[in-house]
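Residue-level structure breakdown
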Amino acid sequence: MFIIARFILGFANVFCIVAASSLIGELSHPKERAVMGCLFNTSWDLGAVFAAGVTLQTFAMPNNWGWRIPSLLQALPSVLQVCFIWFLPESPRWLISKGRGNEAYAILVKYHAEGDSNSEFVKAEYSQIKETLEAELKIAQISRKEVFSTPGMRKRIIVASFLGLFTQWSGIGLISHYLALILDNIGIHDNRTKNIINFSKYSWSLVNGTVSALIASRYPRRTIYLACTISIFVVFTAWTTASAEHSLTHSEVSAQAVLVLIFLFSPAYNLGFTVLTYTYLVELFPFHVRARGITIFQWWSRGAAFFNQFVNPIGIDSAGWKWYIIYCVWNAFQVVFVYLMFPETSGRTLEELTFLYEGDQEAFTHNGTEILRVHGETETYGTMEDNPRKAVRVEQG
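A tally of regular secondary structure across the chain gives 19 helices and 4 strands. Counting only residues that meet the buried cut, the chain has 47% of its 397 residues in that class. Considering only contacts in the chain between residues 6 or more positions apart, those separated by 24 or more positions represent 75%. Taken as a whole, the chain presents about 20,100 Å² of accessible surface, with 65% of it coming from carbon and sulfur.

Let us look at a nonpolar patch on the surface. Taken together, the side chains of Phe-50, Leu-73, Leu-76, Leu-80, Val-82, Phe-84, Ile-85, Trp-86, Phe-87 and Leu-88 present a nonpolar region at the surface, about 1,100 Å² in accessible area. The element contributing the most residues to the nonpolar patch is helix H5 (residues 75–84), with 4 residues. Inspection of the secondary structure assignment puts Leu-88 in the loop between H5 and helix H6 (92–97).

What follows covers the environment of Val-253. With respect to the helices and strands, Val-253 occurs in helix H15 (residues 252–274). Sequence separation of Val-253 and Ala-242 is 11 residues, and the distance between their C-alpha atoms is 8.8 Å.

So, on to helix H2 (residues 33–42). Counting buried positions along H2 yields 7 of 10 residues, so the element is predominantly enclosed. Residues of H2 that are buried include every one of Arg-33, Ala-34, Gly-37, Cys-38, Phe-40, Asn-41 and Thr-42, and no others.

So, on to the pattern of salt bridges. Enumeration according to the criterion identifies 6 salt bridges in this entry. The partner of Glu-283 in a salt bridge is Arg-33, and the shortest N-O contact between them spans 2.7 Å. Of the two residues, Glu-283 is situated in helix H16 (residues 277–284) and Arg-33 in helix H2; the sequence distance between them amounts to 250 residues. For Glu-283, a relative accessible area of 1% corresponds to the buried category. Taking relative accessible area as the criterion, Arg-33 reaches 5% and is therefore assigned buried. For the salt bridge of Glu-283 with Arg-221, the shortest nitrogen-to-oxygen distance reads 2.7 Å. Of the two residues, Glu-283 sits in helix H16 while Arg-221 sits in helix H14 (residues 221–249), which places them 62 residues apart along the sequence.

Aromatic rings considered in pairs are described by the distance between their centres and by the relative angle of their planes. For the coordinates displayed, the defined rule picks out 31 aromatic pairs. On the numbers, 6.1 Å between centres and 85° between planes, the contact of Phe-337 with Phe-342 is edge-to-face. Like Phe-342, Phe-337 is buried. Arg-68 extends its terminal NZ or CZ atom over the ring of Trp-65, reaching a point 5.5 Å from the ring centre. Across the ring face of Tyr-339, the terminal group of Arg-222 is positioned such that the distance to the ring centre comes to 5.7 Å.

With that settled, consider the packing of H14 against H15. At a closest axis distance of 8 Å, the pairing of H14 and H15 adopts a crossing angle of 165°. The orientation of H14 with respect to H15, classified from their angle, is roughly antiparallel. H15 is crossed by H14, and the crossing has left-handed handedness. Per-class residue counts for the contact of H14 with H15 are 21 nonpolar, 6 polar and 1 charged.

Let us now look at the nonpolar core. In this structure, Trp-239 and Phe-342 are the most contacted members of the largest nonpolar core, which totals 65 residues. Element by element, the count of residues in this core is highest for H14, at 9 residues. Trp-239 has contacts with Ile-175, Ile-182, Val-258, Leu-261, Ile-262 and Tyr-324, leaving out every residue within four places of it along the chain. In terms of nonpolar packing, the next biggest core, distinct from the first, is built from 14 residues, Leu-95, Ile-96, Ala-104 and Phe-121 among them.

What follows deals with the confidence of the model for the chain. With 85% of its residues at a pLDDT of 70 or more, the chain shows a mean pLDDT of 81. Under a pLDDT of 50 for its full length, residues 362–397 has, in the predicted model, 75 contacts with residues more than four places off or in other chains.

Of note in the backbone geometry, Glu-114 takes a positive phi value of approximately 55° without being a glycine. With respect to the helices and strands, the residue Glu-114 is situated in the loop between helix H7 (101–112) and helix H8 (120–140). The phi angle at His-250 is positive, at roughly 60°, despite the residue not being glycine. The topology assignment puts His-250 in the loop between H14 and H15.

Reading guide: rules and limits
Residues numbered from 1 in each chain as written. Predicted model: local features only at pLDDT ≥ 70, side-chain atom pairs only at ≥ 80, totals over all residues. Heavy atoms only, no water. Helix = DSSP H or I, 4+ residues; strand = E, 2+ residues; numbered from the N terminus. Buried < 20%, exposed > 50% of the residue type's maximum accessible area, 1.4 Å probe, protein only. Contact = heavy atoms within 4.5 Å. Areas by Shrake-Rupley, 256 points an atom, 1.4 Å probe, with all protein chains shown as cover. Patch = residues over 30% accessible without salt bridge, like charges linked within 9 Å, V, L, I, M, F, W, Y side chains within 5 Å. Salt bridge = Lys/Arg side-chain N within 4 Å of Asp/Glu carboxyl O. Phe/Tyr/Trp six-rings, centres within 6.5 Å; stacked < 30°, edge-to-face > 60°. Lys NZ or Arg CZ within 6 Å of the ring centre and 35° of its normal. Axes fitted to C-alpha atoms, helices over the stretch in contact; angles between N-to-C directions. Parallel < 35°, antiparallel > 145°, perpendicular 65-115°, else oblique. Left-handed = near helix turned anticlockwise from the far one by under 90°. Nonpolar A, V, L, I, M, F, W, Y, C, P; charged D, E, K, R; others polar. Core = buried A, V, L, I, M, F, W, Y, C linked by side-chain atoms within 4.5 Å. pLDDT = per-residue confidence, 0-100.

Laid out in structure tokens, this is it:
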């Protein structure tokens, strides 16, 4: 029953993540969208700190309540969601796509213009959203297979799929699920000490993740992802080296080095894969396929997590530190893939990012009939994200 309950929770959690990340990206002010998206995934550490704190207090209970209390408390966030979801505004883009433009405009006025219904910024934003969605809704009438067969969409799917793998296979699965085994391998066997380290690790992750969320959005996405993947490669390679040294010499210094590197891995990972993931996915996919795109990411991420859950313990038990070498090679691949495949998305509105790839022009042409003129024929001078009061669209010809 417990295993079935975990399966149901994991399945339902995907729906919450897809809906919440899309809503935050589509509802946020263009200048605040990146920060809001970054804080969304970072807030996971709030729950992790709470959970680690609870298990630190209950792990020594001599009865079944030691695991029942943490399990029962998992219902609290769901109860809060059910209570407060009724107060959330709807996505303006979704409302416009359903012909409810007046409601969408009212939401934009309330949250993007402090109630000023005559705001020039809101008028420009509403017009840009409406024009782009009209074209996207025409695309949505084309078969799903045909839409995803365009070069731009294929590139998006490849990036989202590998991003899902990267978020789980960079080494975070080892730390999240098998910290106890790792600590056993470096000579730390006391359960209370393990729980204290676990609590400290998540508290540190919350701090550095929040700082990264407030800073990372100011820089180009590719720069941040490259810094993230390179840092992960360096830290994890050093971790593997220290683990090998401890295994061969049983050096106390190398054991302490492994512990330090576990804590250094947190800011390296959080810099890109925690804070930017959903911000980047929302920017990567146009409105009409955004939920599907994030779902594709989730599918690959959950598949990689399944691998972590069942294969990692076997690898650690049988190969010890040598199992980490696989992750070192994979982390090197991540750097190369990000450099070659990740497009830059910063500094533009969601509507402008509809035309992220040159091949997206094909997605706006069906059977030789042009649906909407794209970049090159319709130019955007300035962006609402960079300069919201000077965003001007100029039609050519």
